[in-house]
Amino acid sequence: MSEDTTGEAGTGAAERQPPKRIRADARRSTDALLTAAAEVFMTSGVDAPVREITTKAGVGAGTLYRHFPQRSDLIAAVFRHEVDACADAASSLAARHAPVEALAGWLQRFAVFIGTKRGLSAALHSGDPAYDTLPGYFQQRFVPVLGALLDTAARAGEIRSDADPEDLLRATANMTLPAQDDHGHTGRMVALLIDGLRYRAHTPEAR
(Lines give C-alpha, C1' and ligand atoms only; values in the text may rest on other atoms or scores of the structure.)
Protein backbone atom coordinates (compact mmCIF):
# COMPACT_ATOMS: atom_id res chain seq x y z
CA MET A 1 0.00 0.00 0.00
CA SER A 2 2.84 2.39 0.81
CA GLU A 3 4.31 1.83 -2.65
CA ASP A 4 0.98 2.61 -4.30
CA THR A 5 0.55 5.75 -2.20
CA THR A 6 4.05 6.95 -3.01
CA GLY A 7 3.53 6.27 -6.69
CA GLU A 8 0.29 8.20 -6.70
CA ALA A 9 1.86 11.12 -4.84
CA GLY A 10 4.81 11.17 -7.24
CA THR A 11 2.51 11.04 -10.24
CA GLY A 12 0.35 13.82 -8.84
CA ALA A 13 3.36 16.08 -8.29
CA ALA A 14 4.64 15.38 -11.77
CA GLU A 15 1.24 16.15 -13.26
CA ARG A 16 0.81 19.36 -11.32
CA GLN A 17 3.94 21.30 -12.23
CA PRO A 18 5.08 20.92 -15.89
CA PRO A 19 1.60 20.95 -17.51
CA LYS A 20 0.70 24.18 -15.72
CA ARG A 21 3.84 25.88 -17.01
CA ILE A 22 3.16 24.62 -20.53
CA ARG A 23 -0.42 25.79 -20.45
CA ALA A 24 0.57 29.21 -19.12
CA ASP A 25 3.23 29.64 -21.81
CA ALA A 26 0.85 28.52 -24.53
CA ARG A 27 -1.82 30.89 -23.25
CA ARG A 28 0.58 33.84 -23.25
CA SER A 29 1.70 33.05 -26.80
CA THR A 30 -1.86 32.68 -28.00
CA ASP A 31 -2.99 35.92 -26.35
CA ALA A 32 -0.02 37.80 -27.80
CA LEU A 33 -0.76 36.46 -31.28
CA LEU A 34 -4.45 37.27 -31.10
CA THR A 35 -3.83 40.79 -29.84
CA ALA A 36 -1.17 41.43 -32.48
CA ALA A 37 -3.26 39.91 -35.26
CA ALA A 38 -6.29 42.04 -34.32
CA GLU A 39 -4.17 45.21 -34.56
CA VAL A 40 -2.52 44.15 -37.81
CA PHE A 41 -5.82 43.13 -39.41
CA MET A 42 -7.30 46.52 -38.54
CA THR A 43 -4.46 48.44 -40.21
CA SER A 44 -3.22 46.09 -42.93
CA GLY A 45 -6.15 43.74 -43.58
CA VAL A 46 -6.58 40.03 -43.03
CA ASP A 47 -4.05 39.19 -45.76
CA ALA A 48 -1.19 40.96 -43.96
CA PRO A 49 2.13 39.08 -43.98
CA VAL A 50 2.66 36.58 -41.19
CA ARG A 51 5.94 38.29 -40.32
CA GLU A 52 4.09 41.50 -39.46
CA ILE A 53 1.93 39.62 -36.96
CA THR A 54 4.69 37.55 -35.39
CA THR A 55 7.01 40.55 -35.04
CA LYS A 56 4.34 42.52 -33.21
CA ALA A 57 3.55 39.51 -31.02
CA GLY A 58 7.22 38.78 -30.28
CA VAL A 59 7.00 35.13 -31.34
CA GLY A 60 8.29 33.06 -34.23
CA ALA A 61 6.35 31.92 -37.27
CA GLY A 62 6.51 28.33 -35.99
CA THR A 63 4.56 29.36 -32.89
CA LEU A 64 1.86 30.99 -35.01
CA TYR A 65 1.45 27.94 -37.26
CA ARG A 66 1.45 25.60 -34.27
CA HIS A 67 -1.55 27.40 -32.81
CA PHE A 68 -3.21 28.42 -36.08
CA PRO A 69 -2.27 26.12 -39.00
CA GLN A 70 -4.49 27.99 -41.47
CA ARG A 71 -5.06 31.72 -41.93
CA SER A 72 -8.77 31.09 -41.41
CA ASP A 73 -8.02 29.56 -38.00
CA LEU A 74 -6.32 32.78 -36.93
CA ILE A 75 -9.07 35.03 -38.30
CA ALA A 76 -11.78 33.01 -36.55
CA ALA A 77 -9.82 33.02 -33.29
CA VAL A 78 -9.29 36.79 -33.48
CA PHE A 79 -13.00 37.31 -34.00
CA ARG A 80 -13.90 35.13 -30.98
CA HIS A 81 -11.23 36.81 -28.85
CA GLU A 82 -12.58 40.26 -29.67
CA VAL A 83 -16.18 39.16 -29.13
CA ASP A 84 -15.21 37.84 -25.70
CA ALA A 85 -13.42 41.06 -24.77
CA CYS A 86 -16.45 43.14 -25.76
CA ALA A 87 -18.93 40.89 -23.96
CA ASP A 88 -16.81 40.72 -20.82
CA ALA A 89 -16.66 44.53 -20.62
CA ALA A 90 -20.32 44.55 -19.55
CA SER A 91 -19.63 43.25 -16.05
CA SER A 92 -17.04 45.92 -15.23
CA LEU A 93 -19.28 48.66 -16.62
CA ALA A 94 -22.21 47.39 -14.55
CA ALA A 95 -20.06 47.36 -11.42
CA ARG A 96 -18.88 50.97 -11.88
CA HIS A 97 -21.91 52.79 -13.28
CA ALA A 98 -25.63 53.30 -12.85
CA PRO A 99 -27.68 50.85 -14.96
CA VAL A 100 -28.49 53.17 -17.86
CA GLU A 101 -24.91 54.51 -17.94
CA ALA A 102 -23.57 50.94 -18.03
CA LEU A 103 -25.95 50.17 -20.89
CA ALA A 104 -24.88 53.27 -22.84
CA GLY A 105 -21.21 52.54 -22.19
CA TRP A 106 -21.54 48.96 -23.40
CA LEU A 107 -23.42 49.94 -26.56
CA GLN A 108 -20.61 52.40 -27.31
CA ARG A 109 -18.11 49.58 -26.75
CA PHE A 110 -20.11 47.30 -29.03
CA ALA A 111 -20.21 50.01 -31.71
CA VAL A 112 -16.42 50.29 -31.56
CA PHE A 113 -16.17 46.51 -31.92
CA ILE A 114 -18.38 46.54 -35.03
CA GLY A 115 -16.54 49.49 -36.56
CA THR A 116 -13.08 48.02 -36.11
CA LYS A 117 -14.09 44.52 -37.24
CA ARG A 118 -15.51 45.53 -40.60
CA GLY A 119 -12.15 44.55 -42.08
CA LEU A 120 -12.99 40.93 -41.26
CA SER A 121 -16.31 41.03 -43.11
CA ALA A 122 -15.04 39.81 -46.47
CA ALA A 123 -13.29 36.86 -44.89
CA LEU A 124 -16.21 35.97 -42.62
CA HIS A 125 -18.60 35.96 -45.59
CA SER A 126 -16.27 34.06 -47.91
CA GLY A 127 -18.06 30.75 -47.52
CA ASP A 128 -15.11 29.12 -45.74
CA PRO A 129 -16.58 26.51 -43.33
CA ALA A 130 -14.06 27.65 -40.71
CA TYR A 131 -16.35 30.63 -40.11
CA ASP A 132 -19.68 28.79 -40.02
CA THR A 133 -20.02 28.89 -36.24
CA LEU A 134 -19.11 32.56 -35.80
CA PRO A 135 -22.56 34.14 -36.29
CA GLY A 136 -23.94 31.79 -33.64
CA TYR A 137 -21.05 32.64 -31.32
CA PHE A 138 -21.75 36.34 -31.82
CA GLN A 139 -25.39 35.86 -30.79
CA GLN A 140 -24.55 33.50 -27.95
CA ARG A 141 -22.18 35.99 -26.31
CA PHE A 142 -23.87 39.32 -27.00
CA VAL A 143 -27.61 38.68 -26.65
CA PRO A 144 -27.48 37.56 -22.97
CA VAL A 145 -25.06 40.36 -22.05
CA LEU A 146 -27.19 43.09 -23.57
CA GLY A 147 -30.36 41.45 -22.27
CA ALA A 148 -29.05 41.60 -18.71
CA LEU A 149 -28.06 45.27 -19.05
CA LEU A 150 -31.50 46.11 -20.45
CA ASP A 151 -33.31 44.20 -17.70
CA THR A 152 -31.30 45.91 -14.96
CA ALA A 153 -31.92 49.38 -16.39
CA ALA A 154 -35.63 48.62 -16.87
CA ARG A 155 -36.01 47.35 -13.29
CA ALA A 156 -34.37 50.57 -12.09
CA GLY A 157 -37.01 52.54 -13.99
CA GLU A 158 -34.39 54.16 -16.23
CA ILE A 159 -35.55 52.76 -19.58
CA ARG A 160 -38.64 51.18 -21.09
CA SER A 161 -39.08 47.45 -20.49
CA ASP A 162 -39.94 46.25 -24.00
CA ALA A 163 -36.55 46.63 -25.72
CA ASP A 164 -35.40 43.50 -27.51
CA PRO A 165 -31.63 42.84 -27.28
CA GLU A 166 -31.38 41.35 -30.78
CA ASP A 167 -33.16 44.34 -32.31
CA LEU A 168 -30.88 46.71 -30.41
CA LEU A 169 -27.72 44.88 -31.49
CA ARG A 170 -28.86 45.02 -35.11
CA ALA A 171 -29.77 48.69 -34.90
CA THR A 172 -26.44 49.63 -33.33
CA ALA A 173 -24.50 47.63 -35.90
CA ASN A 174 -26.42 49.20 -38.79
CA MET A 175 -25.64 52.74 -37.71
CA THR A 176 -21.97 52.11 -36.95
CA LEU A 177 -19.44 53.68 -39.27
CA PRO A 178 -15.83 52.53 -39.77
CA ALA A 179 -13.22 53.42 -37.18
CA GLN A 180 -11.78 56.14 -39.42
CA ASP A 181 -14.78 58.29 -38.48
CA ASP A 182 -13.47 58.33 -34.87
CA HIS A 183 -16.93 57.09 -33.88
CA GLY A 184 -18.23 60.68 -33.69
CA HIS A 185 -21.32 59.92 -35.73
CA THR A 186 -21.85 56.55 -34.07
CA GLY A 187 -21.48 58.01 -30.59
CA ARG A 188 -24.18 60.55 -31.29
CA MET A 189 -26.48 57.90 -32.71
CA VAL A 190 -25.99 55.62 -29.69
CA ALA A 191 -26.82 58.58 -27.41
CA LEU A 192 -30.05 59.15 -29.36
CA LEU A 193 -30.84 55.46 -29.10
CA ILE A 194 -30.46 55.60 -25.32
CA ASP A 195 -32.73 58.66 -25.22
CA GLY A 196 -35.33 56.65 -27.11
CA LEU A 197 -35.07 53.82 -24.58
CA ARG A 198 -35.73 56.31 -21.78
CA TYR A 199 -39.08 57.19 -23.35
CA ARG A 200 -41.96 55.60 -21.42
CA ALA A 201 -39.64 54.32 -18.71
CA HIS A 202 -41.53 53.23 -15.62
CA THR A 203 -40.64 54.25 -12.08
CA PRO A 204 -39.75 51.09 -10.12
CA GLU A 205 -42.45 49.95 -7.74
CA ALA A 206 -41.88 50.64 -4.05
CA ARG A 207 -40.89 47.56 -2.08
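Because the structure is predicted, anything quoted here is derived from the model rather than measured.

Enquirer: How do you make sense of the packing of helix H5 (residues 99-116) against helix H9 (residues 184-198) when you look at a structure like this?
Expert: Between two packed helices, what matters for the description is the angle formed by their axes and the separation of those axes. Running from N to C, H5 and H9 cross one another at 145°; their axes reach a closest spacing of 10 Å. The element H5 and its partner H9 pack so that their crossing is right-handed. Residue-level contacts link Val-100, Leu-103, Ala-104, Leu-107, Gln-108 and Ala-111 of H5 to Thr-186, Gly-187, Val-190, Ala-191, Ile-194, Leu-197 and Arg-198 of H9. The class makeup of the residues in the contact of H5 with H9 is 9 nonpolar, 3 polar and 1 charged.

Enquirer: Which parts of the structure should I look at to understand the pattern of salt bridges?
Expert: Here the structure, examined in full by the defined rule, presents 7 salt bridges. The salt bridge partner of Arg-27 is Asp-31, with a shortest N-O separation of 3.4 Å. With Arg-27 and Asp-31 both in helix H1 (residues 2-44) and 4 residues apart, this pair spans about one turn of that helix. Residue classification places Asp-31 among the partly exposed residues on the basis of a relative accessible area of 29%. A salt bridge links Lys-117 to Glu-82; the nearest nitrogen and oxygen atoms lie 3.5 Å apart. Here Lys-117, found in the loop between H5 and helix H6 (121-124), pairs with Glu-82, found in helix H4 (residues 71-96); they are 35 residues apart in sequence, far enough to count as distant. Taken as a pair, Lys-117 and Glu-82 share a single burial class, namely buried. Each of Asp-84, Asp-88 and Arg-141 takes part in one network of salt bridges that share partners.

Enquirer: Could you clarify how one ought to interpret the layout of surface pockets in this entry?
Expert: Rolled over the atoms, a probe as big as a water molecule pinpoints where empty space is left. Computed from the structure, the largest pocket encloses a volume of approximately 570 Å³. Along the wall of the largest pocket there are 19 residues; nearest its centre are Phe-79, Ile-114, His-125, Phe-138 and Ala-173. For the lining of the largest pocket, the element with the highest residue contribution is helix H8 (residues 165-174), accounting for 5 residues. Looking at the lining of the largest pocket residue by residue, the class counts come to 11 nonpolar, 4 polar and 4 charged.

Enquirer: For this particular structure, what's the right way to read the nonpolar core?
Expert: Where a protein is soluble and globular, its nonpolar side chains tend to be buried together. Counting 57 residues, the largest nonpolar core has Trp-106 and Phe-142 as its most contacted members. At the level of elements, H1, helix H2 (50-57), H4, H5, helix H7 (134-155), H8 and H9 are the ones that each hand at least two residues to this core. With 12 residues, the single largest contributor to this core is H4. Aside from chain neighbours lying at most four places away, what touches Trp-106 is Cys-86, Ala-87, Ala-89, Ala-90, Leu-93, Phe-142, Val-145, Leu-146, Leu-149 and Leu-169.

Enquirer: What is the right way to look at the packing of aromatic side chains in this model?
Expert: Describing an aromatic ring pair means giving the distance of the ring centres and the angle of the ring planes. With the rule as written, the count across this model stands at 9 aromatic pairs. Here the aromatic rings of Trp-106 and Phe-142 are separated by 5.7 Å at their centres, their planes lie at 65°, and the arrangement is edge-to-face. Note that Trp-106 is positioned in helix H5 and Phe-142 in helix H7, a separation of 36 residues in sequence. Just as Trp-106 is buried, Phe-142 falls in that class too. Positioned over the ring face of Tyr-137 is Arg-80, at 5.8 Å from the centre of the ring.

Rules of the game
- Residues numbered from 1 in each chain as written.
- Predicted model: local features only at pLDDT ≥ 70, side-chain atom pairs only at ≥ 80, totals over all residues.
- Heavy atoms only, no water.
- Axes fitted to C-alpha atoms, helices over the stretch in contact; angles between N-to-C directions.
- Helix = DSSP H or I, 4+ residues; strand = E, 2+ residues; numbered from the N terminus.
- Left-handed = near helix turned anticlockwise from the far one by under 90°.
- Contact = heavy atoms within 4.5 Å.
- Nonpolar A, V, L, I, M, F, W, Y, C, P; charged D, E, K, R; others polar.
- Salt bridge = Lys/Arg side-chain N within 4 Å of Asp/Glu carboxyl O.
- Buried < 20%, exposed > 50% of the residue type's maximum accessible area, 1.4 Å probe, protein only.
- 1 Å grid on protein atoms, 1.4 Å probe; cavity = no way out; pocket = protein on both sides within 12 Å on 5 of 7 lines; lining within 4 Å.
- Points joined across faces, edges and corners; volume = space filled by probe spheres on them.
- Core = buried A, V, L, I, M, F, W, Y, C linked by side-chain atoms within 4.5 Å.
- Phe/Tyr/Trp six-rings, centres within 6.5 Å; stacked < 30°, edge-to-face > 60°.
- Lys NZ or Arg CZ within 6 Å of the ring centre and 35° of its normal.

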